[in-house]
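Fold and contact review
Residues per chain, in single letters:
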Amino acid sequence: MKLLFAALFCCSSFGLFAQTRGQVTIIKDPMIDSLIAKRIALNTKQQGTGTIPYKPGPVVSQMGYRVQAFYGSDRRQVFNEQSRFNSLYPAVNTYITYKEPNYYLRVGDFRTRLEAQRFMNELRSNFPTLFIFREKINAPNLEYNDDPER
């Protein structure tokens, strides 16, 4: 009897737990659409008759490696080292961070430790104290190319 009652209860409960199609109502501020339109306008460059999209600065960040080129407690000295580095390697991004009591000059956005090690070996003659750190990096700049054959 208990078994029959349990089976009857299970069969009748399947209908109760069945999902039915519903309707989703999206409530949003109308300013969102205008913000999206402004973002699209900022990410396209007017040139001649048409618009050509361009690749803006880094938007996505990921874990990677940077080379620490200099650290010290004197702020002016760190900025001088940054300008010296920028004069030697203008294409490489530099980052200055402050963690009490020191300022740190870290350079590059490398995806692998091997890339960072190669660059560190190149820097060794100009900057004697170099270290590699794993941290969040900016996505590398990729050249935008309209030509699909390249």
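In what follows, the structure referred to is the one given above.
In short, a report on the structure. (Residues numbered from 1 in each chain as written. Predicted model: local features only at pLDDT ≥ 70, side-chain atom pairs only at ≥ 80, totals over all residues. Heavy atoms only, no water.)

1. Considering the packing of aromatic side chains
Applicable threshold: For Phe, Tyr and Trp, rings pair up if their centres lie within 6.5 Å, where Trp contributes its six-membered ring, and each pair is then called stacked (planes under 30 degrees apart), edge-to-face (over 60) or tilted (otherwise). Strands are runs of DSSP state E lasting at least 2 residues, helices are runs of H or I lasting at least 4, and numbering of each runs from the N terminus. Note on exposure labels: buried denotes an accessible area under 20% of the residue type's maximum, exposed denotes more than 50%, and partly exposed covers the range between, all computed with a 1.4 Å probe on protein chains only.
Considering all chains together, one arrives at seven aromatic pairs under this definition. Taken together, a centroid distance of 5.7 Å and an interplanar angle of 55° make the contact between Phe85 and Phe127 tilted. With a gap of 42 residues between them, Phe85 in helix α3 (residues 75–88) and Phe127 in the loop between α4 (113–123) and β6 (131–138) connect regions that are remote in the sequence. Note on Phe127: relative accessible area 1%, which makes it buried.

2. Some details on a nonpolar patch on the surface
Rule in force here: Residues enter a patch when their relative accessible area is above 30% and they make no salt bridge; the linking distance is 9 Å between like charges and 5 Å between nonpolar side chains (Val, Leu, Ile, Met, Phe, Trp, Tyr). Only the protein chains shown count as cover for residues, with accessible areas throughout obtained via the Shrake-Rupley method and a probe of 1.4 Å. Within this document, salt bridges are pairs made up of a side-chain nitrogen of Lys or Arg and a carboxyl oxygen of Asp or Glu, the two lying within 4 Å of each other.
Taken together, Ile32, Ile36 and Ile40 make up a surface patch of nonpolar side chains, about 270 Å² in accessible area. Looking at the secondary structure, you find Ile40 in helix α2 (residues 31–42).

3. As for the pattern of salt bridges
Counted by the stated rule, this structure contains five salt bridges. The shortest N-O distance in the salt bridge between Glu135 and Arg66 comes to 2.8 Å. Residue Glu135 is found in strand β6, and its partner Arg66 is found in strand β3 (residues 61–72); the two are separated by 69 residues along the sequence. For the residue pair Glu135 and Arg66, the accessibility class agrees, reading buried in each case.

4. Looking at the pairing of strand β5 (residues 102–110)
Going by this rule: By the convention used here, strands pair only if DSSP detects at least 2 bridges between them.
Burial analysis of β5 places nine of its nine residues in the buried class, the great majority of the element. Of the strand pairs in this sheet, strand β4 (residues 94–99) and β5 are connected by six bridges, and their pairing is antiparallel. Within the sheet, the bridge partner assigned to Ile96 lies in β5 and is Leu105. Where β4 hands over to β5, the hairpin turn is made up of two residues, counted between the paired strands.

5. Some points on the side chain of Glu135
Rule in force here: Polar contact is defined as a pair of N or O atoms within 3.5 Å, subject to the rule that within protein one atom must be able to donate a hydrogen and the other to accept it, and that residues adjacent in sequence are counted only when both atoms are side-chain atoms.
Among the residues examined, Glu135 registers a relative accessible area of 17% and is labelled buried. Only 2.6 Å separates the side chain of Glu135 from the side chain of Arg106, close enough to count as a polar contact.

Honestly, that's just the spatial picture; any functional story needs more than this.
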